[in-house]
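As a plain string of letters, each chain reads:
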Amino acid sequence: MSVPDYMQSAEDHQTVLVVVQPVGIVPEDTFFRIYKRIASVSQVNIRDSQRLLYIRYRHHYLPENNEWGDFQTHRKVVGLIAITTCSSAKEWSQTADRFHGQKEIYSSTLYDSRLLVFGLQGEIAEQQRTDVAFYLSCDECPDVERRVEDFVESIFIVLESKRLDRATDKSGDKIPLLCVPFEKKDFVGLDTDSRHYKKRCQGRMRKHVGDLCLQAGMLQDALVHYHMAVELLRAVNDFLWLGAALEGLCSASVIFHYPGGTAGKMGGRKPSISQPADAGKRHRPGALTANGISADTSAEIGRAKNCLSPEDIIDKYKEAISYYGKYKNAGVIELEACVKAVRVLAIQKRAREASDFLQNAVYINLGQLSEEEKIQRYSILSELYELIGFRRKSAFFKRVAAMQCVAPTIPEPGWRACYKLLLETLPGYSLSLDPKDFSKGTHRGWAAVQMRLLHELVYASRRMGNPALSVRHLSFLLQTMLDFLSDQEKKEVTQSLENCTSKCPGGMEVITLPDGLKLLPVPFTKLPIVRSVQLLNLPVILRPHKVKGLLGQNMSTASPFIYSPIIMHNRGEERCKKIDFQWVQGDVCEVQLMVYNPMPYELRVENMGLLTSGVEFESLPAALSLPAESGLYPVTLVGVPRTAGNITVNGYHTSVFGVNSDCMLEGLAGVKTSGCLVEVIPSLPRLQLSTSLPRSAHTLPPMSKEELCSTVSLQLYNGETQQLTITLENIGSEEIETLELTSKTVTTKEKVFGDFLSWELQEALSHLPLQSGKAVTLNVNVKVKLDFSGQDHLLQDLNDDGLSVTGLPISSPLRQVLKPRAEAKTVSSESGRTEYSHIKTLEAVLNFKYSGGAGKVEGYYRELSLGIHLDIEPSIFYTRVSTLPATSTRQCHLLLDIFNSTEHELTVSAKNNQDLVLHASECQRMAIQVDKFDFESLPQLDQETARFTNPKQLEEERLRAQGCQINSKLGICWSIPSLRRSGEASVEGVLNQLVLEHLQLAPLQWDVVVNGNPCDCDVITDCRVGDAVPLEVKLTNRSKNPVGPFCLTVVPYQDYQNGVQNMDLQDAVTFIGPNTFCIDKVEPKQSSTCDGGLLFLYAGDFYLNIKFQDDSAGRELPLAWFDLPSVHVRSLDAPLQAGA
């Protein structure tokens, strides 16, 4: 016997062997359909008996193995079932002859046979025969199983008769010597009458009877016969049959202890519904414990006293195998015994001892085996090692079997079988073809062995003619074993991969093998390795902003609490967190990846783009080249969302070495991300800005360059104005429907007076909505007015002797004390010039807010900012400001010391005044006669606003309004003729509180009218001597509180212009009525008038001094409130009458 049955198990010793074979031409599918139905009858409950008969079916069995039937009866073919198809009587005769020829092969051991005929009709089919069954077709054969049971019962009858015949002790008969095939020649010429020979014959027969009892279901009798055979055979040193008797004893004990079988799931016994109660007791003494050993066998001691214990079973197996090992021709028997022992040890969970048996089986020499037999042997060894939990050992023998499939001696190597076996070795080497299993912590298994196995898979798939498989396995090798490959191996693997992908590009599709195994795609997440993923906000000039009034719509689900454990638990993965900025439909959006190249050479990545979900997204692929073993390298991937909604960046796709990969972020280990979910709002227009001035490189802190679309620089003199033309072009696809413009001064170090930037927006708004590709222009006036004041200590004091007074009327009495200036004073110190020539900087931002399209409907807009950097050179300085009273109580003289800080000749002019020419660094005084100002008429803040305003701010606002009113009335300007540049010289911020008080009209306005003429500003009122001259004094209360009562006394006098005043004019001037006037209480905004009269008796110049009585009401108010105009009356003689 040269071919072992590796599927043998200990319980097979109690089965009878039935061969099922086709006769003639039978379709394979038809044969196996009937074979499966026949094989389903694996055990039969014998009628009128409490015994079960177990059947083992084979569709192929070598006749030479049948010759070992006397050695072990379960190897003897006792039944034959033939299957044939026959359609005519002519074919039937040929079929019958073939059937008889088939029976002749196994005639020496056959108990009974049956022939199943399909397709034959007619008289022949109607014949009633016990050994032949006729069916119309394989689909119309309902009683096949019943006929098989009848056939098995007939076999049992023969078996039972043989058992009874052999078991009966006929001492008068001579017992034949049972032999195995190779022994027959050795026993020729032996003394058959010797005691040794007879004991051998008895021992072998006892062993044979034990086999028959075991097959007939008589376990107890079989154990008795096996024990007797062991004693007899041991006495005569018949080691081969002693080993068989011991193996039979082990098999019977295994059947007793393990009624479920030892052959695993496929070979396990099916419980019989018709199994008698006694048989159940015999075969199931108790439940199995954790180690598979019967828990309690004490109840069966009486019936199974000869049964071996689980430990003794293994010892007897070892002994039997050692006896088999003494015979070279018993290698198959020895190998099968090892396999049976391993299956028993597997149930007993004794893996170490099982491995010893298997190790022995490896070295059993079976002679010259065919390649197919070698493959089968190594495969079975692999399965047995797997059965005892030696997974890596199992994988080793499976791989040996795979290599045997493509041995050089095979004319047609079986690469497909080799590939299939190699795949089955993967679990034993802790190798999975799912790349996700390699991203879960540390590497499992021996990397060197795994790489060797993957290389073999690649080679096998290539020899199979399946380049797609080669690409998939190479990709897997490169992705999962990258850390273990040397630099040279990396180059070789990548070159091989590129060669394969040139014929069949790698992709992300699942490859399904013929046996149903699915090879998952292998994304190259390590080529390159990604360390962080960050979604970038749009550039500042393109970022959308939400209208403040609409912010609440998206905050309805926000929690008012800073911390909530419920929110924390529902937060989920970081990459699922929504980012707090938005992208815009139709605009290019960016995602930055920090990557590095682990390869020892330059890595070219092609077609790298984003993988998204949620909205329609157009990814714009990029190509990059990473240097060898580069550090972290930023890569920006871009795309355009085509619809609005929430978009999730799930990963990226690449093409490396011809393999297209979809790398999902959830499968990347150690990747940092601040979130991958962002909202895409509807599309907004895009505005492009250009100016009439060149762009500047200046930055405007605290703003960054990104926040400004452009920056322009100007250089102006203080007070100068320049126009800036801005062109706004719609470069987007949406119409611009709204446009707003605001400005903000960035640097607050310098105080600016007036509007720094001013514009008129109505002209630009008239062009809205602005179509795509259209432009509109806007003029912005840049007017800079900083503080024009200088410090007193920088200049020498300018005394009255050196004043150059201009613009004063010739009739001014000041002319008598002011002398013409001989020479203008200049700044002699270099430090003073340096201080005055200091250039100041002013920076501001023009902010354009615009919107349109679907984004406007959702309440979004965009902002565009233009930075303005202004370098301001000083033009003039007011080094000193003072006032002098004028002849009129409603006027005064404003004295300004003006310093020219430029290097050019400069002209200063004012309204109704002569121009003042200043040379470089020259200082002169300008005197301007101005009407006093009514500050009470300036607009006031309402009480509600004033209540919540800082008092300091209120005061600053009041001073600003007063300075602005004074400045507009003066209209002081400067010009530099050589440069053709001019500007305004504002006095805002220059005037101190004392000067402002001098320039302010008194709250009490006094009007004196003599003879119908108002008296003020050197006005001389003429009258006739002897005529009554009416005198009217009118008080207007401009203050906020009521005033009065007042008492006024009119005192006339004459001024001789030499310091002598004549107050005694009783004979020259007389009053018509009293010379004292009383004014009652005057309410705010009201007036009161007192009337009187004078009579001049002589001609001459007279003055009236109106004085207040010293009472309590007058003392509470400032003296400046009682400044009455001077009264100059010229009394003329009456002209002579013509007739006089």
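Side note on the sheet that holds strand S14 (residues 617–620)
- Ordered in space as S14-S16-S12-S9-S19, the five strands form an open sheet in which the pairing is mixed. The open sheet has two edge strands, S14 and strand S19 (672–673), and neither has a second partner.
- Pairing between S14 and strand S16 (residues 633–641): four bridges, direction antiparallel. Note on S16: the bridge partner recorded for Glu618 is Val640.

A word on the packing of aromatic side chains
- Within the structure shown, the criterion is met by 21 aromatic pairs.
- On the numbers, 6.2 Å between centres and 80° between planes, the contact of Phe32 with Tyr35 is edge-to-face. Taken together, the residues Phe32 and Tyr35, both in helix H1 (residues 28–39) and three residues apart, mark about one turn of the helix.
- What links up through ring pairs into an aromatic cluster is the set Trp68, Phe71, Phe182, Trp241, Tyr324 and Tyr327.
- Looking at Arg392, its charged tip hangs above the ring of Trp446, at a distance of 4.3 Å from the centre.

Some points on unusual backbone geometry
- Here the amide bond leading from Leu527 into Pro528 is cis, since omega sits at -5°, within 30 degrees of zero.
- Geometrically, the link from Leu768 to Pro769 is a cis peptide bond, its omega value of -5° lying close to zero.
- Within the fold, Pro769 resides in the loop between helix H21 (762–765) and strand S26 (775–783).
- A positive phi angle is found at Ser430, which is not glycine, with a value near 55°.
- With respect to the element layout, Ser430 can be found in the loop between helix H16 (415–425) and helix H17 (447–463).
- A positive phi is found at Asn607, a non-glycine position, where the angle reads about 55°.
- Turning to its location among the elements, Asn607 is positioned in strand S13 (residues 603–613).
- The exposure class of Asn607 is partly exposed, given its relative accessible area of 38%.

Examining the sheet that holds strand S45 (residues 1087–1096)
- If you trace the five strands from one edge of the open sheet to the other, you get S38-S37-S40-S45-S43, paired in antiparallel fashion. Every interior strand has two partners, whereas the edge strands, strand S38 (1013–1014) and strand S43 (1069–1072), have only one.
- Pairing geometry for S43 and S45, over four bridges, is antiparallel. Counterpart to Phe1071 in the pairing with S45 is Leu1094.

A word on helix H15 (residues 391–405)
- The end-to-end C-alpha distance of H15, which contains 15 residues, comes to 21 Å, matching closely the 21 Å that a straight helix rising 1.5 Å per residue would cover.
- Those residues of H15 not exposed but buried are Ser394, Ala395, Phe397, Lys398, Arg399, Ala401, Ala402, Gln404 and Cys405.
- Buried residues belonging to H15 abut helix H13 (351–362), helix H14 (371–387), H16 and H17.

What counts and what doesn't
Residues numbered from 1 in each chain as written. Predicted model: local features only at pLDDT ≥ 70, side-chain atom pairs only at ≥ 80, totals over all residues. Heavy atoms only, no water. Pairing = 2+ DSSP bridges. Helix = DSSP H or I, 4+ residues; strand = E, 2+ residues; numbered from the N terminus. Phe/Tyr/Trp six-rings, centres within 6.5 Å; stacked < 30°, edge-to-face > 60°. Lys NZ or Arg CZ within 6 Å of the ring centre and 35° of its normal. Buried < 20%, exposed > 50% of the residue type's maximum accessible area, 1.4 Å probe, protein only. Expected span 1.5 Å × (residues − 1). Contact = heavy atoms within 4.5 Å.

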